[in-house]
Amino acid sequence: MIDAETQEIFRQETEALIESLQDALLALNKTPDDAELVTQVFRDLHTLKGTGAMFGYARLAEFIHDFEAAFEAVRSGNATVTPDLIAVSLKAYDLIVALLEGEEPPVERDAELKSALAAVTAGDAPAAASIDAPEPDVAEDGEVEAWILTFKLPPDFMEIGGNPIAMLDELIEIGGADTKVRVLTDGLPALADLNPAEMHTGWEVILPGGASESDIMDVFMFHEDQMELSLKPVRKEKPAVQQDLREEELQPGAQQQEAEKKAAASDRKGGTAKVQMRVSAERLDDIMDRVGELVIAEARLTDLASKLGNSDLMEVVENIQRLALGLRDTTMAIRLTPVSSITGRFQRLAHDLAGKTGKDFDFVIEGEETELDKTVIEKLSDPLVHILRNAVDHGLEDSDTRIAAGKPARGTVTLSARYSGADVLISVKDDGKGLDPDFIRGRAIDRGLIGEDAVLSRSEIFALLMEPGFSTAEQITDLSGRGVGTDVVKSTVEGLRGSVEIESELGAGSTFTLRLPLTLAIIEGLLLQVGDERFTVPLAAVGGIVEQPEELKKGSEPTTVIELREELISILRLREIFECDGPTNEHPKVVLVETGGTQVGLAVDRIIGSYQTVIKQLSPMHSRLNVFSGATILGDGDVALIVDVAQLVRSQGLDNQNKEQAA
């Protein structure tokens, strides 16, 4: 059994391959004639097999060998991609994932899946020829007389632990005594420019036709993407052509010209290639914490320098500010992860749901490039799984019902992500039967969640769906109906300082929207003063700042509506809402902020300025104050609360009012 550290390295190495494999299998289900996808599946399996063998996963490597053989049959035109092949392949994929995660499924499962893979690819399938897309000379009929292999290793091959002699020995072992090896020296630089630590030579190896193509390629399994490699067969069917080919291939000049073309292309790629490195999440969190402390210290230093009025010190402070800002932006960029990093699993979920429910639907993903803090991304998977299940199981109708209602037979479920001010909105929308507010209200009364005389808005009725134990399902299925799921969504999202919004139209479908903060670490904030207190709002949410109108100075209600910039704007007086004491400013301001697709105004006394804001979590005792998303330490050591604009608007009941006005 390998140790935990090695197992973690192996898991990281295979993570991208696993995701690529699942994506390709799901894509093949829609486009079974795509030769590139077939090749991608084969290559992913091939690499997983070799990597597993190298790290001691013997069972994994053995199982993938048969899995790989099934897609080799497709590549060679002896089998076709069918729904049955994809179904079995996804089950085989699940077994691979279980083995990679250190689980020990019953050994009998391996044999069952191997047998199933063999069954769905058995027999001749001439129609599959369109799937196979090999090199033209490989596709020609005729027995292979010899293999002509030409390769040049990357310059740093030996520096990274490579051994070209071992490779050549392995090739000779595959080809036997008839194998011929020739060194290609045309790439050698002048003696003065020679770096003995770099690889400058290439090799041409002629192997007998009996050698296995896959065995030859296995020699270069871990270096194929970084090297120049060519493997071509010489066939018996066309002697004259074969002889010409043999002579041409054995010409050093022709071979070198081809190598030079590849080298030039490689150099062009190398000039812009990005080297990627895997770093543990714990180390990134530690860096982020230290950057946060640096930002706080820099704010303190700036405050002290401004009080001392020393010009030399201010120059140093400005340099530190610039460096701290750059370090913050770089660290934040490292923490941000695109939504696409988790959408692959939802493609698989949609595929499985279609099979379990028997409902035909298209699953559409929009805005995959939208980025979120990695901490948020990691915790989004379970909530989105629950919402997607409900959208299909509860939301979508079967084909006959849809047709009878005048809808397309196939439904549509859309997962979308987009930016909205300082937030990211992730929505799951279906075009199903929608939610019936009267039915939900009646079910809530039956369960004792509300009284019969309760007066609730439409959005408040929909919010009842996220109460623990609440369910609208008439019967329990293996997907839903137990009243567990939506309450998990609510608690998880609120734990990320986000919120869940539900919109629905009876007969037209429903939309569940998760409103989440872009990051949980550092933001650019606008510092405001209200009386003796200071507050921060995310600068990304600020749409403008205006002088406070005269009519606004007269009232004392927490909220009011005035005409501003030829629009009716809801204004929140923070002094009254937060019960702040202290003198009023002679020139108060209104800060216009975006929330939920609408604009509201925050009436404040003074705008202090924009600052890097390190978000500190509130204590458990203060966690119930959801109108604040956290706190930050200012340069003078005081604390400023960070206002969660969306929650503040919701607490004043303006979210429903704004939606009704928009409608």
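Structure: above.
Residues numbered from 1 in each chain as written. Predicted model: local features only at pLDDT ≥ 70, side-chain atom pairs only at ≥ 80, totals over all residues. Heavy atoms only, no water.

A. A look at the overall build of the chain. Counting secondary structure elements, the chain contains 22 helices and 21 strands. By the burial criterion, 44% of the 663 residues in the chain qualify as buried. Element-wise, carbon and sulfur atoms account for 50% of the exposed surface of the chain, whose accessible area totals about 34,300 Å². (Helix = DSSP H or I, 4+ residues; strand = E, 2+ residues; numbered from the N terminus. Buried < 20%, exposed > 50% of the residue type's maximum accessible area, 1.4 Å probe, protein only. Areas by Shrake-Rupley, 256 points an atom, 1.4 Å probe, with all protein chains shown as cover.)

B. Here's a closer look at the packing of helix 3 (residues 58-75) against helix 4 (residues 83-100). Relative to each other, helix 3 and helix 4 sit at 160°, their axes nearing to 11 Å. The orientation of helix 3 with respect to helix 4, classified from their angle, is roughly antiparallel. Seen along the crossing, helix 3 lies across helix 4 with a hand that is left-handed. From helix 3, Arg-59, Leu-60, Phe-63, Ile-64, Phe-67, Phe-71 and Val-74 reach across to helix 4, where they touch Leu-85, Ser-89, Ala-92, Tyr-93, Leu-95, Ile-96, Leu-99 and Leu-100. (Axes fitted to C-alpha atoms, helices over the stretch in contact; angles between N-to-C directions. Parallel < 35°, antiparallel > 145°, perpendicular 65-115°, else oblique. Left-handed = near helix turned anticlockwise from the far one by under 90°. Contact = heavy atoms within 4.5 Å.)

C. Local environment of the environment of Thr-613. If you trace the backbone, Thr-613 turns up in strand 19 (residues 606-614). Residue classification places Thr-613 among the buried positions, given a relative accessible area of 2%. A distance of 3.5 Å separates a polar atom in the side chain of Thr-613 from the backbone nitrogen of Gly-525. A polar contact is formed between the side chain of Thr-613 and the backbone oxygen of Tyr-611, at a distance of 3.2 Å. (Polar contact = N/O pair within 3.5 Å; in protein donor to acceptor, adjacent residues only side chain to side chain.)

D. Spotlight on the pattern of salt bridges. For the structure shown, the criterion picks out 26 salt bridges. With a closest N to O distance of 2.8 Å, Asp-362 and Arg-410 form a salt bridge. Highlighted residues: Asp-362 in strand 6 (residues 361-366) and Arg-410 in the loop between helix 15 (399-404) and strand 8 (411-420), separated in sequence by 48 residues. Judged by relative accessible area, which is 36%, Asp-362 ranks as partly exposed. (Salt bridge = Lys/Arg side-chain N within 4 Å of Asp/Glu carboxyl O.)

E. Inspection of the environment of Ile-450 at higher detail. Position of Ile-450 relative to the elements: it lies in the loop between helix 16 (437-446) and helix 17 (458-463). When its relative accessible area of 15% is taken as the criterion, Ile-450 is described as buried. Along the backbone, Ile-450 and Leu-464 are 14 residues apart, and their C-alpha atoms lie at a distance of 9.2 Å. The residues touching Ile-450, leaving out its near neighbours within four places in the chain, are Arg-441, Ala-444, Ile-445, Leu-456 and Leu-464.

F. Inspection of the packing of helix 13 (residues 340-357) against helix 14 (residues 374-395) at higher detail. It is at 10 Å that the axes of helix 13 and helix 14 come closest, and there the two elements cross at 25°. Between helix 13 and helix 14, the interaxial angle falls into the category roughly parallel. Taken as a pair, helix 13 and helix 14 cross one another with a handedness that is right-handed. Across the interface between the two elements, Ser-341, Ile-342, Arg-345, Phe-346, Leu-349, Leu-353 and Thr-357 of helix 13 pack against Ile-377, Leu-380, Ser-381, Leu-384, Val-385, Leu-388, Arg-389, Val-392 and Asp-393 of helix 14. Across the contact of helix 13 with helix 14, the residue classes tally to 10 nonpolar, three polar and three charged. (Nonpolar A, V, L, I, M, F, W, Y, C, P; charged D, E, K, R; others polar.)

G. Focus on the sheet that holds strand 4 (residues 228-235). Strand order in the open sheet made by the four strands is 2-3-1-4, with antiparallel pairing throughout. The two strands at the open ends of the sheet, each matched to only one other strand, are strand 2 (180-184) and strand 4. Shown here is a sheet whose adjacent strand axes are inclined to one another by a mean of 15°, direction ignored. Along the sheet, helix 7 (residues 164-175) makes contact with strand 1 (144-152), strand 2 and strand 3 (202-208), crossing strand 3 at roughly 15°. (Pairing = 2+ DSSP bridges.)

H. Highlighting the sheet that holds strand 17 (residues 589-595). Pairing in this open sheet of five strands is mixed, and the strands run 14-17-18-16-15 from one edge to the other. In this open sheet, the two edge strands, each paired with only one partner strand, are strand 14 (542-547) and strand 15 (559-564). Each strand of the sheet is rotated relative to its neighbour by a mean of 30°, with strand direction disregarded. Bridging between strand 17 and strand 18 (residues 598-604) involves seven bridges; their strand directions are antiparallel. Note that in strand 18 the partner of Val-591 across the bridge is Leu-602.

I. Summary view of helix 12 (residues 311-335). Counted at 1.5 Å a residue, the expected span for helix 12 with its 25 residues is 36 Å, and the 36 Å between its end C-alpha atoms agrees. Regarding helix 12, the residues found buried are Val-317, Ala-324, Arg-328, Thr-331, Met-332 and Arg-335. The backbone nitrogen of Asp-312 has a side-chain oxygen 2.9 Å away, supplied by the residue at the start of helix 12, namely Asn-310. (Expected span 1.5 Å × (residues − 1).)

J. Summary view of the pairing of strand 15. Where strand 15 meets strand 16 (residues 567-573), six bridges bridge the pair, whose relative direction is antiparallel. Bridge pairing in strand 16 places Thr-560 opposite Ile-571. Where strand 15 folds back onto strand 16 in an antiparallel hairpin, the turn is made up of two residues, including Arg-565, whose phi is positive at roughly 55°.

K. Seen up close, a negative patch on the surface. On the surface, a cluster of negative charge is contributed by Glu-19, Asp-23, Glu-368 and Glu-369. Its location among the elements puts Glu-368 in the loop between strand 6 and strand 7 (371-373). (Patch = residues over 30% accessible without salt bridge, like charges linked within 9 Å, V, L, I, M, F, W, Y side chains within 5 Å. Lys, Arg positive; Asp, Glu negative; His and termini not counted. Charge placed at Lys NZ, Arg CZ, Asp CG, Glu CD.)

L. Layout of unusual backbone geometry. Unlike most non-glycine residues, Glu-579 shows phi in positive territory, near 55°. Judged by its relative accessible area of 66%, Glu-579 is exposed.

M. Seen up close, the packing of aromatic side chains. On inspection of all chains with the given rule, the structure shows seven aromatic pairs. On the basis of an interplanar angle of 5° and a centroid distance of 6.2 Å, the ring pair of Phe-535 and Phe-628 is categorised as stacked. Placement of the pair is Phe-535 in strand 13 (residues 533-538) and Phe-628 in strand 20 (residues 628-633), with a sequence separation of 93 residues. Look at Phe-535 and you get buried, because its relative accessible area is 3%. Counting every residue linked through ring pairs, the aromatic cluster contains Phe-63, Phe-67 and Phe-71. Taking NZ or CZ as reference, Arg-75 lies 4.2 Å from the ring centre of Phe-42, over its face. (Phe/Tyr/Trp six-rings, centres within 6.5 Å; stacked < 30°, edge-to-face > 60°. Lys NZ or Arg CZ within 6 Å of the ring centre and 35° of its normal.)

N. Local environment of the environment of Leu-28. You can see Leu-28 is positioned in helix 1 (residues 4-30). For the pair Leu-28 and Val-41, spaced 13 residues apart in sequence, the C-alpha to C-alpha distance is 9.3 Å. Once you skip the residues sitting within four places of it in the chain, Leu-28 turns out to touch Asp-34, Leu-37, Val-38, Val-41, Phe-71, Val-81 and Ile-86.

Any link to function would need more than the numbers given here.
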